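Structural overview for review
Okay, here's what each chain looks like letter by letter:
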Amino acid sequence: MAPRSESPLMTTPPPKPASSPAHVRPGPDAATAERERVALGWLHTAHFLTSAPQLEHLPPVDLPEIAFVGRSNAGKSTAINTLTQQTRLAFASKTPGRTQHINLFGVGKQKVDDGVLADLPGYGYAAVPKEAKLRWQRVMGNYLMTRESLRGVVLMVDPRQGLTELDEILLDVIRPRVAEGLKLLVLLTKSDKLTRSEGAKVLSIVRLQAGGGEVKLFSALKKQGVGEAAETLWRWIHPEGPATEQTAEPRIQEE
Ligand SMILES: Nc1nc2c(ncn2[C@@H]2O[C@H](COP(=O)(O)OP(=O)(O)OP(=O)(O)O)[C@@H](O)[C@H]2O)c(=O)[nH]1
Ligand SMILES: [Mg+2]
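Owing to the predicted nature of the structure, the values given are computational and were not obtained by experimental measurement.

1. What about the overall build of the protein?
Looking only at helices and strands, the protein features 7 helices and 7 strands. When burial is assessed residue by residue, the protein has 50% of its 255 residues classed as buried. A fraction of 74% describes how many contacts in the protein between residues 6 or more apart in sequence connect residues 24 or more apart. Just so you have it, the protein exposes about 12900 Å², and 55% of that area is on carbon and sulfur atoms.

2. Let's talk about helix H4 (residues 165-179)
The terminal C-alpha atoms of H4 lie 21 Å apart, and with 15 residues this matches the ideal 21 Å at 1.5 Å per residue to within 8%. Within the span of H4, buried status applies to Asp167, Leu170, Leu171, Ile174 and Arg177. Packing partners of the buried residues in H4 comprise strand S2 (65-70), helix H3 (130-146), strand S5 (150-157), strand S6 (183-188) and helix H5 (196-210).

3. Quick look at the nonpolar core
One finds Leu55, Leu120, Met140, Tyr143, Leu155, Val186 and Leu188 to be the most contacted residues of the largest nonpolar core, which totals 36 residues. Ranked by residues supplied to this core, first place goes to H3 with 5 residues. Setting aside anything within four residues of it in sequence, one finds Val186 in contact with Leu155, Val157, Val206, Ala210, Glu214, Val215 and Lys216. One finds Ala46, Ala74, Leu89 and Ala220 within the second-largest nonpolar core, a separate group that totals 30 residues.

4. A look at the sheet that holds strand S4 (residues 115-119)
Overall, mixed pairing links the 7 strands, which are arranged S1-S3-S4-S2-S5-S6-S7 in an open sheet. Of all the strands in the sheet, the pair left with one neighbour each is strand S1 (47-52) and strand S7 (214-217). On average, each strand axis in the sheet is tilted by 20° relative to the strand beside it, whichever way the strands run. Two elements, S2 and S5, share 6 bridges in a ladder whose sense is parallel. Looking at the pairing, Val69 lines up with Leu155 of S5. Docked against the sheet, H4 engages S2, S5 and S6, running at close to 155° with respect to S5.

5. Some points on the packing of H3 against H4
At a minimum axis separation of 9 Å, H3 and H4 run at an interaxial angle of 25°. With respect to H4, the axis of H3 lies roughly parallel. With respect to the hand of their crossing, H3 and H4 are arranged in right-handed fashion. Along its contact with H3, which presents Gln137, Met140, Gly141, Tyr143, Leu144, Met145 and Thr146, the element H4 presents Leu166, Ile169, Leu170, Val173, Ile174 and Arg177. Considered class by class, the residues forming the contact of H3 with H4 number 9 nonpolar, 3 polar and 1 charged.

6. Regarding the pattern of salt bridges
All told, the structure shown has 9 salt bridges when counted by the stated rule. The closest approach of N and O atoms between Arg175 and Asp172, which form a salt bridge, is 2.8 Å. Within this pair, Arg175 and its partner Asp172 are both found in helix H4, separated by 3 residues, close to a single helical turn. The exposure class assigned to Asp172 is partly exposed, which follows from its relative accessible area of 47%. Ionic pairing is found between Lys216 and Glu214, a salt bridge with its closest N-O pair at 3.5 Å. In this structure Lys216 comes out as buried when scored by relative accessible area, which is 17%. By sharing partners, the salt bridges in this structure join Arg35, Glu214, Lys216, Glu228, Glu231 and Arg235 into a single network.

7. Considering empty space enclosed by the protein
Over the atoms rolls a probe the size of a water molecule, and its path tells where empty space is left. Evaluation of the coordinates by the stated rule reveals 2 cavities of 30 Å³ or more. Empty space within the second largest cavity amounts to approximately 30 Å³. Looking at the second largest cavity, the residues that line it are Leu171, Ile174, Arg175, Val178, Leu184, Ala210, Gly211 and Gly212. Among the elements that line the lining of the second largest cavity, the one with the most residues is H4, at 4 residues. A class-by-class count of the residues in the lining of the second largest cavity yields 5 nonpolar, 2 polar and 1 charged.

8. Comments concerning the environment of Phe105
Mapped onto the fold, Phe105 is located in strand S3 (residues 102-107). Once the C-alpha coordinates of Phe105 and Glu65 are considered, the two residues, 40 residues apart in sequence, prove to be 9.4 Å apart.

What counts and how
For every chain, the first residue of the written sequence is number 1, and numbering continues from 1 onward in sequence order. Going through the entries in the order they are written, you letter the chains from A and number the ligands from 1. Owing to the predicted nature of the model, reporting of local features is limited to residues with pLDDT of at least 70; listing and counting of side-chain atom pairs is limited to 80 or more, with chain, interface and lining totals taken over all residues. With hydrogens and water set aside, each side-chain value is computed from the structure's full complement of heavy atoms. Here a strand is any run of E in DSSP of at least two residues, a helix any run of H or I of at least four, and the numbering for each starts at the N terminus. Each residue is placed in one exposure class: buried if its accessible area under a 1.4 Å probe, protein chains only, is under 20% of its type's maximum, exposed if it is over 50%, and partly exposed if it falls in between. We call two residues in contact when some of their heavy atoms are within 4.5 Å. In this description, accessible areas are obtained by the Shrake-Rupley approach with a 1.4 Å probe, and a residue is regarded as covered only by the protein chains that are shown. Each residue after the first adds 1.5 Å to the expected span of a helix. Here, nonpolar core means buried Ala, Val, Leu, Ile, Met, Phe, Trp, Tyr and Cys residues that are tied together by side-chain atoms lying within 4.5 Å of each other. Two strands pair under a simple rule: DSSP has to find at least two bridges between them. Under this scheme, a helix contributes an axis fitted over its contacting stretch, all axes are lines through C-alpha atoms, and angles between N-to-C directions fall in the 0 to 180 degree range. Working rule for angles: under 35 degrees goes down as roughly parallel, over 145 as roughly antiparallel, 65 to 115 as roughly perpendicular, anything else as oblique. Note: crossing handedness is left-handed where the near helix turns anticlockwise from the far helix by less than a right angle, and right-handed where it turns clockwise. Amino acid classes used here: Ala, Val, Leu, Ile, Met, Phe, Trp, Tyr, Cys and Pro are nonpolar; Asp, Glu, Lys and Arg are charged; the rest, including Gly, are polar. Salt bridge, as used here: a side-chain nitrogen of Lys or Arg that lies within 4 Å of a carboxyl oxygen of Asp or Glu. Note on definitions: the grid is 1 Å and covers protein atoms alone; a cavity is a set of points where a 1.4 Å probe fits but cannot get out; a pocket is an open set with protein on both sides within 12 Å along at least five of seven lines; lining residues have an atom within 4 Å of a point. Grid points are joined across faces, edges and corners, and a volume is the space filled by probe spheres set on the points.

Here it is in structure tokens:
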């Protein structure tokens, strides 16, 4: 595996709570900021693992996997780049249907991967022939229902379009697995294109429609919701404890 650079975010150790006097202990905001900092540092370790031309050819992985799914052009690849604070890890493009392959990225501190991010090709791209669309739906459904390593799904939705029919189908497919513990995060992307009140409105509508899982506004451009989303992914992969380096590092070494 190619050597990986450590996150600049990880160079300054966090303050040790034990050494802080009680009256200056971080409040909830400081604790949240600290969790997000650790989660972003963890995500920054992301590196290319492997690529598969089609979902059927995706090799099995032993690590918990988080799949980024959604309509073509919704912003999946851009979100992966933003969350990992890397400019060209995933291929983002103005041209819908840019991601054709499934790309897997390993993530983990101290050069030990403990999770996998999967950038999946988008669906619903108008120029794709109907048969290819149906086939994709079948293969995608199969992946979402049977992939053993799948720990969580990040569904990226352009809030200006709301949940499309294919998004609803996808949610229906995964609902039984979500009920059994599969994690779900719906990210309403490109929120920089919405006013504050439009954002609040679409958030409440999609929360009702999604029926389970978290729904959040996200903007790669304005960096809105990035820390929160990072912390959510960290928690999915490390359900045992809080995202603090004091607890995170020994656990990763043990694995
Ligand atoms: N304004 C704005 N544009 C964004 C944001 N995120 C992504 N985009 C743009 O949306 C377009 C599509 O982004 P991608 O990340 O390639 O989308 P994708 O979902 O990976 O697309 P496919 O690979 O085709 O499925 C690009 O032009 C991005 O620059 C955002 O937060 N704000
Ligand atoms: Mg893409």
